[in-house]
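Residue strings, one per chain:
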Amino acid sequence: MAEKRITVRATRFDPAKDSEPRLQSYDIPFSDDSMVVLDALNYIKSHVDGSLSYRWSCRMGICGSCGMTVNGTPKLTCSAFLRDYWPGSITITPLNNFPIVRDLVVDMEDFMEKLKSIKPWIIRKQEMPLGAGEHRQTMEQIDDFRQFSQCINCMLCYAACPVYGLDDKFLGPAAIALARRYNLDSRDQGTKERLPVIAHSDGVWECSFVGECSVVCPKGVDPAKAIQQTKLDTSVRFILPYGNRE
Amino acid sequence: MSAETETSSRVATRTYKPAMPAGWWLRKGHYFWYMVREFTALPLALWLLWLLYEIQRAGRGPSGYYPPSSTPFVVFSVICLLFALYHSITFLRLAGVILHFKVMDKPVPSGLVVASQFGAWLVASIVIGAVLIGFGR
Amino acid sequence: MSAKPKAVQKPALAHLFWWFMFSQGGLFAAVLLPVHIVVQGILGPLGIVPVVDRHYDTWISILGNPIVKLYLLVLISLPFFHFAHRLRYLLVDLGVPAAKTVPAQAGFYGAAVVVTLLTIYVLFTTAPISLG
Amino acid sequence: MDFESYDVLVVGGGLAGIRAAIAVVETNPSLKVGMVSKVYPMRSHTVSAEGGAAAVLRPEDSYETHAYDTIKGSDYLADQDVVEAFVREAPIEVIQMEHWGCPWSRDPDGKISVRPFGGMTTWRTCFAADKTGFHMLHTVFQTSLKYPQIHRHDEAFVTKLLVEDGRCVGVVAIDMRSGRFDAITAKAVILATGGMGRVYAFTTNGNICTGDGMALAYRAGVGLKDMEMVQFHPTGLPFTGILITEAVRGEGGYLTNKDGERFLKRYVPNKMELGPRDIISRAMITEFEAGRGFEGPHGKYMHLDVRHLGEAVIDRKLPFMRELGREFVGIDIVHDPIPVRPVMHYMMGGVDANISGATPVSGLYAAGECANVGLNGGNRLGSNSLSECLVFGAATGRAAADYVSSAKAVSANPIEGMLKDETKRIEMDYLEKKSGEERIGAIREDMQLSMDAGAGVFRTREGLENLTKQLGKLRDRFGRIKIEDSSRTFNTELMSVLELDYMLEVAEVITYSALAREESRGAHARRDFPERDDEKFLKHTIAFRTDEISPRLEYRDVRITNFKPQARAY
Ligand SMILES: Cc1cc2nc3c(=O)[nH]c(=O)nc-3n(C[C@H](O)[C@H](O)[C@H](O)COP(=O)(O)OP(=O)(O)OC[C@H]3O[C@@H](n4cnc5c(N)ncnc54)[C@H](O)[C@@H]3O)c2cc1C
Ligand code: SF4
Ligand code: F3S
Ligand code: FES
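Residues numbered from 1 in each chain as written. Chains lettered and ligands numbered in written order. Predicted model: local features only at pLDDT ≥ 70, side-chain atom pairs only at ≥ 80, totals over all residues. Heavy atoms only, no water.

Draft legend 1. Inspection of the interface of chain A and chain D at higher detail. Across the boundary between the two partners, chain A contributes 69 residues, which contact 68 residues of chain D. Between chain A and chain D lies a buried interface of about 5,700 Å² when both sides are counted; carbon and sulfur atoms form 53% of it. At the junction of chain A and chain D, the tally comes to 6 salt bridges. A salt bridge links Asp-485 of chain D to Arg-102 of chain A, with the nearest nitrogen and oxygen atoms 2.8 Å apart. (Contact = heavy atoms within 4.5 Å. Buried area = accessible area lost by both parts, 1.4 Å probe. Salt bridge = Lys/Arg side-chain N within 4 Å of Asp/Glu carboxyl O.)

Draft legend 2. Representation of the sheet that holds strand S4 (residues 73-76) of chain A. All names here are of chain A. Read across the open sheet, the 5 strands follow the order S2-S1-S5-S3-S4; overall the sheet is mixed. Two strands lie at the open edges of the sheet, namely strand S2 (22-29) and S4, each paired on one side alone. Neighbour-to-neighbour, the strand axes of the sheet open up by a mean angle of 35°, direction not taken into account. Here strand S3 (residues 67-70) runs beside S4; their pairing, made up of 4 bridges, is antiparallel. Across the sheet, residue Thr-69 finds its bridge partner in S4, namely Pro-74. (Pairing = 2+ DSSP bridges. Helix = DSSP H or I, 4+ residues; strand = E, 2+ residues; numbered from the N terminus. Axes fitted to C-alpha atoms, helices over the stretch in contact; angles between N-to-C directions.)

Draft legend 3. Here's a closer look at the interface of chain C and chain A. Every contact between the two is made by 15 residues of chain C and, on the other side, 20 residues of chain A. For the chain C and chain A pair, buried surface summed over both sides reaches about 1,700 Å², with 68% attributable to carbon and sulfur atoms. Together, Gln-9, Leu-16 and Trp-19 of chain C form the three largest contributors to the area buried by chain C at its contact with chain A, with a combined 36%. Where chain C meets chain A, there are 2 salt bridges. Residue Lys-100 of chain C pairs with Glu-206 of chain A through a salt bridge whose shortest N-O separation is 2.5 Å. Summed over the shared surface of chain C and chain A, the result is 4 residue pairs in polar contact (both at pLDDT 80 or more). For the side of chain C that touches chain A, the secondary structure elements donating two or more residues are helix H1 (13-46) and helix H3 (66-93) of chain C. (Polar contact = N/O pair within 3.5 Å; in protein donor to acceptor, adjacent residues only side chain to side chain.)

Draft legend 4. A look at the site of ligand 2. Close to ligand 2 lie Cys-151, Ile-152, Asn-153, Cys-154, Met-155, Leu-156, Cys-157, Ala-174, Cys-217, Pro-218, Val-221 and Pro-223 of chain A. In the shell around ligand 2, the residues fall into 11 nonpolar, 1 polar and no charged. (Near = heavy atom within 4 Å. Nonpolar A, V, L, I, M, F, W, Y, C, P; charged D, E, K, R; others polar.)

Draft legend 5. Geometry of the packing of aromatic side chains. Per the counting criterion, the structure on display carries 33 aromatic pairs over all chains. Of the aromatic side chains, those joined through ring pairs into one cluster are Phe-98, Phe-111, Tyr-158 and Tyr-164 of chain A. The ring of Phe-202 of chain D has Arg-341 of chain D lying over it, and the distance from NZ or CZ to the ring centre is 3.8 Å. It is Arg-527 of chain D that lies over the ring of Phe-458 of chain D; its NZ or CZ is 4.1 Å from the centre. (Phe/Tyr/Trp six-rings, centres within 6.5 Å; stacked < 30°, edge-to-face > 60°. Lys NZ or Arg CZ within 6 Å of the ring centre and 35° of its normal.)

Pasting the structure below:
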């Protein structure tokens, strides 16, 4: 049987040499049905062109580092199977809406700052001493925020969000989902402290509910839901007279 | 460098940021339908302006009142209706994503929220339709 | 590395208000509008069913009802806050960032306020309030 | 020249590293902490831990049993004073994680739930569904953002420890984004660089687990302890090596061979699926050799069957496993058994450190998987590692904070020279190197396959000796390495070559340590020496670097307190 092969095009960009990114084409063996897009990149790096740069680590869809655009859609390349594209070819480009650092590597410092700005930690008026044991929390209370705690910071949602693409001041889907994760945690009392950032003019209001963030999210976080719910809760909090209680 | 304000240090290097193309919303079906959803505002606004005009004309007395029946007007209404239905369906479905309540400590499933939204739409439509038609002659 | 001082952030209450109006307007448009278009825009003009606005006397008498007036105010004015918001963001999406500026906000939401005022004026002046 | 200077510098942004960083500032809020990580902290491999973290939280449980289980699990190679301190601290740390927001799974009364785990006599493994490591890592990372004293250097790759007068005073790191070489100085350095799974071909470990910290310390003259103790986990997915957590067995899953038989009855009759990892892995290999395994395109495998647990339990307790099955094998574990085979998983050995993480080099500490504080001995019990990262991460952070309050400031003088030398070394050897024909990928792959074959679940003198020869050849080939990427910006090829260098070193230590331990203990199973030999080997192996490829080995007695070594039967 003739060996199956697949054509992979990948973005190349070296800021020292290139004025703008270009695509480079590789023809590689598609030797195993379990191969994912990341395996194709690894094959290229190991056997064809060692200078191709991209991020990856866990290859099990949990570390969030391998997000790239595959044939136009933001994907975790470790969880995107070649068999779903073959015999067609695949084009791998960096995540949209981010500055390209090198080849398939994008700059996500912006998110790191935004993440910090929403105070993603438990805020309490009065810390409970360790000796007092754990806060009691039921599984039902965890269900309130579970979904939003699944975010792996993979940035696919930012790459899919045109609002972020048009103006990167927008706080963006994952950061807001994580803010909501803490706001809904029965142990947290920091909703008010997070308000200035979340309800800021670059916060939830900028989202026009395109919803593509939730479509591409590999972990079922549904940031679109987090954002719309935050808008509603926040406006109710300020507009209805009984809304402003803790 | 002060550790108080910055908690991470990255050296800035030249990066390349492609601009968002003006036609981004043609790249994907989902984006396109989103734009259509946003666009519904325009025909709906026009139709409501017409309704306002219809009310205003009633103030001119019986002789100046001609209810519309031209084909272009009906065509205009049909187009508006398509957009209106698209608006209603998308808006009421999305309500299932947004609204979240609990009944006896159990969250109401979003399917149920959506169903009740559509139910309310149906009931309102029947009542309003009945009034509009019932008082006519 | 120079640390850029961050402006103190605070909730944007204006955005919050306009979003709230947007969402309420969208809801009313979704629930109320299609039946009006079907009945008044299609069935009535085609003469398929009798409709209240087909005749001056039925139309003017129902317009005199205060509840109807209130209803029409909601029906017409609230959705305009929805439309204003959507159209403003449609412009942003089409690559007109100027639609985000305060003057643009004033223009779009101002238009919705104008429509509201106009509606009130029209409703007040068309038919005298009567309870019969 | 100006160097970034800290009181304490943490190398590694995994669970151990971040926990240590927080401990430093909580001990003394006026200290400035640097944290260097070659990936953004939330990408660290802790993120993929699934099953849980062990701690005595229940009244019916006791420190003694947790200690006993750990020591017995270690095949008596654990230092018992360390274990006793560990079991007392673990519950406090689990509660601390709870206060920081970790979404631990709960019992109906709202208390933290526990589940059974291999080798533990009672239920004591706390979990956050089956994404425990993910939740713990994101919790500590996000919590760390609230401390302005912790200053991160993300995506900076440490290439060398700066040691001056027998004292560690910082590191040289490459900022991957700019390619700049930095000397980052500190009064104390904590290594928390995680595991080295990528030395093997078939592993649960991520791409970043290349043993960097172990090699860094080794080069700085610190011994590597018990490196022959490499854990193989019984249940990895064939082809990818992705882990199916032990919690699957904890929740009641069955391991069956191709005859549909729960074969563990022949090996660990009293514990069955809840036996310790080393024994079950050996049982599986033995079954494979007897022809009772399934044959697949990616080698032999067994079935791990959870169908009888039902969809509700699976979705509540093992949702990620269902996701993995669906995504990576194309099966629904509610309806299909999971194919599994033993897979390299964890390094019990590591940088020689004491109970507070201090290494023999002053100012240098180690915590987490890269360290060996004496907790895990010959075999780590599942779910002890996450707790170890917390307990010893915190202990190390506190010890370093205390140390620096009396330590001298670092003088910039010699640092400049050291930075120049290190920059030159890397530029000459790699970046500006023109000749060379050996591909990094090819050497790495040959190393990994050789390690799988020669230093796997079962070992023999012949296999290990053969392996030393192969590693020698690989070293030679490494000298003729070819680098295609000369860019300074995000040069991942340069990272790969530096990592390969580290991995070769770690592989050598593993092999020579294993060759010298002529007994079978814990994870180290010698076919030619099938018995445990307490007479000669109730001792830690400590390997020191020499100018040769083979290390100098020393032995140190295991500290025994309350638990006299006995035969290890389950
Ligand atoms: C799949 C899997 C499942 C597991 N499940 C469990 C479980 O259920 N329970 C349990 O107790 N244990 C489990 N373990 C083991 C446990 O997760 C690890 O031992 C533990 O997370 C290691 O944490 P760490 O902080 O030491 O290292 P890591 O989390 O690996 O972090 C290492 C850090 O060091 C940094 N680093 C490394 N080298 C360099 C360098 N040269 N320069 C700069 N930075 C560097 C990395 O960037 C990273 O931030 C599991 C392990 C695996 C692989
Ligand atoms: S919300 Fe989803 S898509 Fe966005 S970063 Fe988190 S996991 Fe990724
Ligand atoms: S795609 Fe963007 S616009 Fe909102 S719903 Fe998602 S953040
Ligand atoms: S490599 Fe970790 S998410 Fe893909």
